[in-house]
Amino acid sequence: MTPDARVIETAPAKVNLFLHVGDRRTDGYHDLESLAVFADCADTILIERGDALSLTVAGPFAAALPADENNLGLLAARRLASHAGVRAGARITLAKKIPVAAGLGGGSADAAAVLRGLNRLWSLGLSHDELREIAACAGADVPVCIDSGPAWMEGRGERVASLPSLPESWLLLVNPGVPVRTSEVFAKLRRRSGLGVERPAAAFEDVHALTWFLRSTANDLEDPAKNIAPEIGEVLEEIGKLPKTLLTRMSGSGATCFAIFANHDDTCSALASLQLRRPAWWCTACGLAPRAIAPSQLR
Ligand code: C5P
């Protein structure tokens, strides 16, 4: 089979439906537990054959993301090349549609998509387990983005167990346009839930069963993030007032917050009324993304 001359990958936004923090570890990270899902709102990545590794960033949030050596996608690409002994390069073009430093794992999703794409472009045949190991070098959130399906995260986030698919659920994602640095949020963290939430053994029957489960959990990073960016409190207040919301919460280390709805119509009418009230905020209505690759195709 002729190797592909170019591949396209999508990098869906990650939403932490809950996030509990445990102890600070000797490596400076915190142990955590989280239920992560992926929304069908995504960056797009085009990877073409090339002599050297290069990255160009385009799209509405391009200006917020320097395409320099610290870019997670480039970092992941170099790790993969050295792991697999690849000398070829690749031209990576990233269309950035997910806000940056927003608690949606955008940079991590991009890095994971680059790893999946290069695995195909360079015909490496690496399994997703192997890709996850390489991904962990680029950041705690990158491994969960390799499959981009509902997942239970443990350790510093790099230990990932996939979950049965979730019931039909709709998300309104809202970001007030204030970037928040994850390290600063963890540094301001005072109250931690600790670990020990029981991982759901069976699939949730419907979105109401899912939100009932989530109500016994929290995002421990919400208070420290609000401390850094008080706009997060405003977002939570506004989305809490929208009709038909089943649960509202912040994702990751913020500032993006989400509201869960039972159907598409309720989500879209909430989106419309919020956009009228707060035209400067980034808002989008999303379903849950299908996995990057169907589980049966995982190698
Ligand atoms: O892994 P990543 O580089 O995204 O993490 C950014 C920072 O967030 C870390 O340097 C650390 O300060 C903090 N962090 C943490 N515990 C985690 C994940 C991140 O303390 N589980």
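Here, every reference points to the structure presented above.
Residues numbered from 1 in each chain as written. Predicted model: local features only at pLDDT ≥ 70, side-chain atom pairs only at ≥ 80, totals over all residues. Heavy atoms only, no water.

In this section: the packing of aromatic side chains. Throughout the structure, instances matching the rule amount to four aromatic pairs. Centre to centre, the rings of Phe-204 and Phe-213 are 5.4 Å apart; their planes meet at 45°, and the pair counts as tilted. For the pair formed by Phe-204 and Phe-213, the shared burial category is buried. An aromatic cluster of at least three residues, connected via ring pairs, comprises Phe-18, Trp-152, Phe-204 and Phe-213. If you follow Arg-156 out to its NZ or CZ, it ends over the ring of Tyr-29, 4.5 Å from the centre. (Phe/Tyr/Trp six-rings, centres within 6.5 Å; stacked < 30°, edge-to-face > 60°. Buried < 20%, exposed > 50% of the residue type's maximum accessible area, 1.4 Å probe, protein only. Lys NZ or Arg CZ within 6 Å of the ring centre and 35° of its normal.)

In this structure, the largest pocket spans a volume of roughly 1,200 Å³. As for the largest pocket, its lining consists of 45 residues, and the residues nearest its centre are Leu-72, Ser-108, Asp-141, Thr-182 and Ser-183. Among the residues forming the lining of the largest pocket, the class breakdown is 19 nonpolar, 18 polar and eight charged. (1 Å grid on protein atoms, 1.4 Å probe; cavity = no way out; pocket = protein on both sides within 12 Å on 5 of 7 lines; lining within 4 Å. Points joined across faces, edges and corners; volume = space filled by probe spheres on them. Nonpolar A, V, L, I, M, F, W, Y, C, P; charged D, E, K, R; others polar.)

Moving on, we get to the environment of Ala-111. Within the secondary structure, Ala-111 sits in helix 2 (residues 106-121). Separated by 65 residues in sequence, Ala-111 and Pro-176 place their C-alpha atoms 24 Å apart. When sequence neighbours within four positions are dropped, the list of residues in contact with Ala-111 reads Leu-72, Gly-73, Ala-76 and Val-142. (Helix = DSSP H or I, 4+ residues; strand = E, 2+ residues; numbered from the N terminus. Contact = heavy atoms within 4.5 Å.)

One pass over the full model with this rule turns up one cavity of 30 Å³ or more. If you add up the space inside the largest cavity, you get close to 40 Å³. Taken together, Leu-163, Pro-164, Ser-165, Leu-166, Pro-200, Ala-202, Ala-203 and Phe-204 form the lining of the largest cavity. By residue class, the composition of the lining of the largest cavity is seven nonpolar, one polar and no charged.

Now for the environment of Gly-107. Position of Gly-107 relative to the elements: it lies in helix 2. Sequence-wise, Gly-107 and Glu-222 are 115 residues apart; in three dimensions their C-alpha atoms are separated by 20 Å. Excluding residues that lie within four positions of it along the chain, Gly-107 makes contacts with Leu-72 and Lys-96.

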